[in-house]
Amino acid sequence: MTTMFHSLLRLIASSLEVPVVILLILFANVALFSIGWLIVEYFTERRTMTVYVPQMLEALRSGEDVGACIRRSPLLIRQKRLLAELTHHPDFSPGLRRSLADNLLEAEQARYDRVLKFTDLLAKISPMLGLLGTLIPLGPGIIALGQGDVTLLSASLLTAFDTTIAGLVVAAVCLAISAVRRRWYAGYMSDLETLAYCVLELQEKTP
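Keep in mind the model is a prediction, meaning the values are calculated, not measured.

Student: I'd love a proper account of the nonpolar core, names of residues and values included.
Tutor: One finds Leu60, Leu83, Leu86, Tyr185, Leu195 and Val199 to be the most contacted residues of the largest nonpolar core, which totals 30 residues. Of all the secondary-structure elements, those providing two or more residues to this core are helix H3 (53–61), helix H4 (66–72), helix H5 (77–86), helix H6 (94–135) and helix H8 (150–205). Judged by nonpolar contacts, the second largest core, of 11 residues, contains Phe27, Leu129, Ile136 and Val170.

Right under this line is the structure:
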C-alpha cells in the first residue's frame, strides 16, 4: 500500500515537470514584455509629465479659467479628465463634490494597483515555480545516482539549476519593475490629490 502511494506521488510530481518549465518560460517572456512596457511608459508618460505642483496651484488660484489651466497642464489625459470632471457639476454641494473627488481618486488608485499586482504576482509565483522545477527532477536524479547513471543524473541536476535561476531572475525583474512603478504612482497620486482638492476649494468659492 505504501509503495502504491509513493508511486502515485511520484507520478503526480513527474507529470508537473513539463507544465512548470512551460510556465517559467512563459513568465520569463512576460517579464521581458514588462520591461518593454516600463520603458514605453517612461517615454510616453513619466518623461513628459513634469508637473511643478506649487506653480500649478498658483495658476489655478490666479483667477484664470480652471478648465483652460487644466487643459494646458502637462498632466496625463486621464488626470486632466479627472480634474475637469470636478468642474462639471457646479450645482453639487461641497460635500457631494468632495465625495465625487474621493471616488475618482480611488478609481485612479485602483487602476495603479491593478498594474502593480501584475508584476507583484509574478514576483511571488516565479520563485515557487523555480523551487518546484528544482525539486521535481531531483527524484529521478537520486534514483539515477543509485543506479550509476551519470547521464540522467547530470540532466536532472541541469534542469533543477536552470529552473531555479529562471524563477529567481523573473522574480528579481518583476520586483524591480514594481518598485519603480510604485514610486512613480505614489508621486502621481500625491500630486493629483493636491490638485483635486485645490479645484474643489476653487469651486466652493465660485458663486
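Student: So what's going on with helix H2 (residues 17–46)? Which residues, and what values?
Tutor: In this model, H2 (30 residues) spans 41 Å end to end at C-alpha, consistent with the 44 Å of a helix rising 1.5 Å per residue. Among all positions in H2, only Val20, Leu24, Phe27, Val30, Ala31, Ser34, Leu38, Glu41 and Glu45 are buried.

Student: Any chance you could break down the pattern of salt bridges for me, citing the residues and the numbers?
Tutor: Summed over all chains, the structure comprises four salt bridges. For Arg181, the salt bridge goes to Glu41, with nearest N and O atoms at 2.8 Å. Of this pair, Arg181 sits in helix H8 while Glu41 is found in helix H2, placing the two residues 140 residues apart along the sequence. Here Arg181 and Glu41 have matching classes, each one buried. Each member of the salt-bridge network shares a partner with another, and the members are Glu45, Arg78 and Glu108.

About the thresholds
- Each residue is numbered by its place in its chain's sequence as written, counting from 1.
- Only residues with pLDDT of 70 or above have their local features reported here, since the model is predicted, and side-chain atom pairs are shown and tallied only from 80 upward, although totals for entire chains, interfaces and linings are computed over all residues.
- Side-chain metrics in this entry use all non-hydrogen atoms of the structure; hydrogen atoms and water are not considered.
- Each nonpolar core is a collection of buried residues, namely Ala, Val, Leu, Ile, Met, Phe, Trp, Tyr and Cys, held together in the definition by side-chain atoms within 4.5 Å.
- Using a 1.4 Å probe on the protein chains alone, a residue whose accessible area is under 20% of its type maximum counts as buried, one over 50% counts as exposed, and one in between counts as partly exposed.
- The helix and strand labels rest on DSSP assignments: H or I over at least four residues marks a helix, E over at least two residues marks a strand, and numbering proceeds from the N terminus.
- Expected helix span is computed as 1.5 Å times (number of residues minus one).
- The term salt bridge refers to a pairing of a side-chain nitrogen on Lys or Arg with a carboxyl oxygen on Asp or Glu at a separation within 4 Å.

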